[in-house]
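A look at the structure
Here's the letter readout for the chains.
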Amino acid sequence: MNFEGKVAISTGAASGMGLLFAQNFAALGGNVVLCDINKEVLEEKVLEINSQNKGKAIGVLCDIRDYNQVCNARDKAVKSFGRIDIVANFAGGTAVRMRNVDRTQYPEFPDVPIDVYDWGIDVNLKGPFYFAHAVLKQMREQKSGLIINIGSITGAEGDGYGMDYPTSKAGLMYGLTKSIAQYGSKHGIRCVCVSPGPVLTRAAMANMKTLMGRAADPQEIVDLCLFLASDKGQFINGENIMIDGGRNAMNRCW
């Protein structure tokens, strides 16, 4: 794959798969805009990418819950590189875990403070929605572009406690992705959702069962995203692609 002359925005890019995607994209010749709220780590990773790869990187401090900050990231991408070819919406996480909710204090869904779930829906659903709204203006002018949403097996399975996460991910998988694809078709813009099962970004993910008997290596997820962005993936549009080791095909006994 060769991404020379291409520009990607990756969110949640100071760590995890957002960072891995940015590193891979730059290694393959592309320019990349790393968006995150962790300023120190973000600057460190941008320096690493610029010292090691053909493609260039910039970092933009961006809380994806704030539409003005999202627009700022878009504008800095265009100012620095002249275009936006790919947006990869990696930023996200289950609110009850990310906000360190004590389950002994808040044992069930109705007990959890609503602001916890607000955070999850804002990050996992509104953030990608904001990015789509912001960057589609630029992609429309270019008459080309790709938005990669990141769903989750949880969007198909549900979660009786961390309800913000499956609610948001299902919205990406079955609503936002198809809607962007429908709008974008007349402007040469595609949208695809990649929905992982367990991924070894955290050790606990190894405990989730799959038909293949293991969790995914993060590189396996990023490889699919790179394929979608490459010349080889151009006929894939408006689809949710499960990459879950067969978890969604399992015969579950509750």
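Just so it is clear, the model here is predicted, and its values are computed rather than measured.

1. So, the overall build of the chain
Within the chain, the regular secondary structure consists of 8 helices and 7 strands. The principal-axis extents of the C-alpha atoms in the chain amount to approximately 50 × 35 × 35 Å. Expressed as a percentage of its 254 residues, the buried residues of the chain come to 51%. At a minimum sequence separation of 6, the contacts of the chain that also span at least 24 residues come to 71%. On the chain, roughly 12000 Å² of surface is accessible, and the fraction owed to carbon and sulfur atoms is 51%.

2. Some details on unusual backbone geometry
Positive phi values are uncommon outside glycine, yet N100 reaches one of about 55°. Inspection of the secondary structure assignment puts N100 in the loop between α4 (95-98) and α5 (114-142). The backbone phi angle of K143 is positive, close to 65°, even though this residue is not glycine. If you trace the backbone, K143 turns up in the loop between α5 and β5 (145-150). You can call K143 exposed: its relative accessible area is 57%.

3. Describing the pairing of strand β3 (residues 57-61)
The pairing of strand β2 (residues 31-36) with β3 spans 5 bridges and is classified as parallel. Looking at β3, one finds that L34 is bridged to G59. Handedness of the crossover joining β2 and β3 through helix α2 (residues 39-52) is recorded here as right-handed.

4. Brief notes about α5
Between its first and last C-alpha, α5 extends 40 Å over 29 residues, near the 42 Å set by a 1.5 Å rise per residue. Of all the bends in α5, the greatest reaches close to 40° and is centred on K126; the proline P128 follows between one and four positions later. Once α5 ends, the next one or two residues include K143, with phi positive near 65°.

Rules and cut-offs
Residues numbered from 1 in each chain as written. Predicted model: local features only at pLDDT ≥ 70, side-chain atom pairs only at ≥ 80, totals over all residues. Heavy atoms only, no water. Helix = DSSP H or I, 4+ residues; strand = E, 2+ residues; numbered from the N terminus. Buried < 20%, exposed > 50% of the residue type's maximum accessible area, 1.4 Å probe, protein only. Contact = heavy atoms within 4.5 Å. Areas by Shrake-Rupley, 256 points an atom, 1.4 Å probe, with all protein chains shown as cover. Pairing = 2+ DSSP bridges. Right-handed = clockwise from strand over helix to strand, strands pointing away. Expected span 1.5 Å × (residues − 1). Bend = angle between axes of the 7 residues up to and from the residue.

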